[in-house]
Amino acid sequence: MSVKVAIFIGSISDEALVTPCAEVLRTLGIPFRFTVSSAHRTPERTQALVDELEAQGCRVFICAAGMAAHLAGAVAARTCKPVIGIPLAASPLGGMDALLATVQMPPGFPVATMALDKAGARNAAWMAAQILALNDPALHDQIKNSRAGLQADVKRAGVDLENRWGAQNA
Ligand code: RP5
């Protein structure tokens with residue numbers, strides 16, 4: 001099946017933080033390509049990858065980077081497909097540098113910016129899935145079913161907590 005989602009990381013040192021994104025996409029059965037390209041160190045590679053993936057039918061780009069995180073913006077400059085950014089905490093500034101660099105795009109070139117690190121990585125995959133589900137009823141149902149599972153987990157945890165705290169909780 002052709003690649004529907006691309007995940008770019010700015011450095012191989014980002015892999016562990018972004019792996020949850022790939023895992024969610026894999027669970028949902030969405031074909032993706034997970035690769036490394038840097039907006040600063042390999043700008044030509046980044047542009048060529050965007051062009052190549054777009055030509056192959058890729059519909060959503062997910063970009064994760066730390067420090068002066070220009071990757072999502074650089075990809076957004078190259079494609080009109082939705083770009084989702086994941087800022088990473090990779091410097092002594094704790095990710096505030098990457099967050100601001102990713103979210104503060106000039107009008108006309110948006111990057112849908114997620115939370116930092118692994119939580120943002122997971123939601124990037126869910127957001128990409130929701131975008132693809134606009135034209136895919138089966139995927140839409142799959143997302144709904146996954147949410148039902150998460151909701152059941154919360155309810156179970158609530159019952160368990162109440163049972164463990166018993167009367168003191170009344
Ligand atoms: C960013 O700089 C990368 O996305 C990474 O988070 C950070 C550090 O990169 P390395 O020096 O570890 O390759 O461009």
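Think of each chain on its own: its residues are numbered from 1, step by step along the sequence as written. In view of the model being predicted, local features appear only for residues whose pLDDT reaches at least 70, and side-chain atom pairs are presented and counted only at 80 or more, with totals across whole chains, interfaces and linings using the full set of residues. As a rule here, side-chain values come from all non-hydrogen atoms in the structure, and water together with hydrogens is ignored.

Novice: Let's hear about the overall build of the protein chain: which residues, and what values?
Specialist: Looking only at helices and strands, one finds six helices and five strands in the protein chain. Numbered from the N terminus, helices here are DSSP runs of H or I no shorter than four residues, and strands are runs of E no shorter than two. Along its sequence from the N terminus, the protein chain presents helices and strands in the succession β-α-β-α-β-α-β-α-β-α-α. Here the C-alpha coordinates of the protein chain stretch approximately 65 × 40 × 30 Å along the principal axes. Split into buried and exposed, the 170 residues of the protein chain put 38% on the buried side. Should any heavy atoms of two residues lie within 4.5 Å, those residues are considered in contact. For the protein chain, contacts bridging at least 24 residues in sequence account for 66% of all contacts bridging at least 6. Note that accessible areas follow from Shrake-Rupley with a 1.4 Å probe, and for residues the cover is restricted to the protein chains shown. With the model as given, the accessible surface of the protein chain reaches about 9500 Å², and the carbon-plus-sulfur share is 58%. Lys and Arg are tallied as positive, Asp and Glu as negative. Neither His nor the chain termini are counted. Lys charges are placed at NZ, Arg charges at CZ, Asp charges at CG and Glu charges at CD. When the 15 positive and 14 negative side-chain charges of the protein chain are each reduced to one mean point, those points stand 4 Å apart. Each residue gets one of three labels from its accessible area relative to the maximum for its type: buried under 20%, exposed over 50%, partly exposed in between, using a 1.4 Å probe on protein chains only.

Novice: Got a sec to walk through the nonpolar core? Specific residues and values, please.
Specialist: Counting residues in each nonpolar core, the largest one holds 26 residues, and the members touching the most others are Val5, Val18, Cys21, Ile30, Ile62 and Ile86. Secondary structure elements with two or more residues in this core: strand S1 (5-9), helix H1 (15-28), strand S3 (60-66), strand S4 (83-88), helix H5 (117-133) and helix H6 (137-165). Residue contributions to this core peak at seven residues, all from H5. When residues no more than four places from it in sequence are discounted, the contact partners of Ile86 are Val18, Ile62, Cys63, Ala64, Ala65, Ala115, Asp117, Gly120, Ala121 and Ala124. Throughout this description, the term nonpolar core refers to a set of buried Ala, Val, Leu, Ile, Met, Phe, Trp, Tyr and Cys residues connected via side-chain atoms within 4.5 Å.

Novice: So what about the sheet that holds S3? Which residues, and what values?
Specialist: Two strands pair if DSSP finds at least two bridges between them. Read from one edge to the other, the open sheet built from five strands follows the order S2-S1-S3-S4-S5, with strand pairing classed as parallel. Across the chains shown, the open sheet's two edge strands, defined by having one partner strand only, are strand S2 (32-36) and strand S5 (112-113). With five bridges joining them, S1 and S3 adopt parallel strand pairing. Across the sheet, Ala6 pairs through a bridge with Phe61, a residue of S3. Here helix H4 (residues 96-103) sits on the sheet and contacts S3, S4 and S5; the angle it forms with S4, its principal contact strand, is near 165°. Angles shown run from 0 to 180 degrees and are taken between the N-to-C directions of axes, each axis being a line fitted to C-alpha atoms and, for helices, limited to the stretch in contact.

Novice: Give a description of the site of the ligand that names residues and reports values.
Specialist: When we say a residue is near a molecule or strand, we mean one of its heavy atoms is within 4 Å of it. Around the ligand, the neighbouring residues are Gly10, Ser11, Ser13, Asp14, Arg41, Ala65, Gly66, Met67 and Ala90. Side-chain polar atom of Ser11 to an oxygen atom of the ligand: 2.6 Å apart, as the coordinates give it. In protein, a polar contact means a hydrogen-donor-capable atom and an acceptor-capable atom, both N or O and within 3.5 Å, with residues adjacent in sequence counting only if both atoms are side-chain atoms; elsewhere, any N or O pair within 3.5 Å suffices. Arg41 places a polar side-chain atom, nitrogen or oxygen, 2.7 Å from an oxygen atom of the ligand. Relative to its unbound accessible area of 360 Å², the ligand is 74% covered by the protein chains. Only protein atoms enter the 1 Å grid, on which a cavity is a set of points fitting a 1.4 Å probe that cannot get out and a pocket is an open set with protein on both sides within 12 Å along at least 5 of 7 lines, lining residues being those with an atom within 4 Å of a point. To decide whether a molecule occupies a pocket or cavity, check its atoms: if more than half lie within 2 Å of the grid points, it is inside. Its atoms largely coinciding with the cavity grid, the ligand occupies the largest pocket. Under the convention adopted here, Pro, Cys and the residues Ala, Val, Leu, Ile, Met, Phe, Trp and Tyr are nonpolar, Asp, Glu, Lys and Arg are charged, and Gly plus all remaining residues are polar. Class assignment for the residues of the shell around the ligand results in three nonpolar, four polar and two charged.

Novice: Let's hear about the confidence of the model for the protein chain: which residues, and what values?
Specialist: On average, the protein chain scores 97 in pLDDT, and the residues at 70 or more come to 98%. Averaged pLDDT values over the elements of the protein chain bottom out at 96 in H6 and peak at 99 in S4. The quantity known as pLDDT measures the predictor's confidence residue by residue, on a range of 0 to 100.

Novice: Explain H5 to me, and be specific about the residues and the numbers.
Specialist: Between the first and last residue of a helix there are one fewer steps than residues, each counted as 1.5 Å, and that sum is the expected span. Compared with an ideal rise of 1.5 Å per residue, which puts 17 residues at 24 Å, H5 spans 24 Å between its outermost C-alpha atoms and is within 8% of the ideal. Turning to H5, its buried residues number three or more, namely Asp117, Gly120, Ala121, Ala124, Ala125, Ala128, Ala129, Leu132 and Ala133. Summarising the contacts, the buried residues of H5 are in contact with S1, H1, S3, S4 and H6.

Novice: Could you give me a rundown of the packing of H1 against H5, with the residues and numbers involved?
Specialist: Taken N-terminus to C-terminus, the directions of H1 and H5 make an angle of 30°; their axes are 7 Å apart at the nearest point. Taken together, the axes of H1 and H5 are roughly parallel relative to one another. Judged by the sense of rotation from one axis to the other, the crossing of H1 with H5 is right-handed. Seen from H1, the contacting residues are Ala16, Leu17, Val18, Pro20, Cys21, Val24, Leu25 and Leu28; seen from H5, they are Asp117, Lys118, Ala121, Arg122, Ala124, Ala125, Trp126 and Ala129. Here is the rule for angles: anything less than 35 degrees is roughly parallel, anything more than 145 is roughly antiparallel, 65 through 115 is roughly perpendicular, and the remaining ranges are oblique. For any pair of crossing helices, the crossing counts as left-handed if the nearer helix is rotated counterclockwise from the farther one by less than a right angle, and right-handed if it is rotated clockwise.

Novice: Now, about a nonpolar patch on the surface: what can you tell me, with residues and values included?
Specialist: Nonpolar side chains collect at one region of the surface, where Met96, Leu100 and Val103 lie side by side and expose about 260 Å² of accessible area between them. Summarising the element assignment, Val103 is placed in helix H4. Only residues whose relative accessible area exceeds 30% and that form no salt bridge are eligible for patches; like-charged ones are grouped when within 9 Å, while nonpolar side chains (Val, Leu, Ile, Met, Phe, Trp, Tyr) are grouped when within 5 Å. What counts as a salt bridge is simple: a side-chain nitrogen of Lys or Arg found within 4 Å of a carboxyl oxygen of Asp or Glu.

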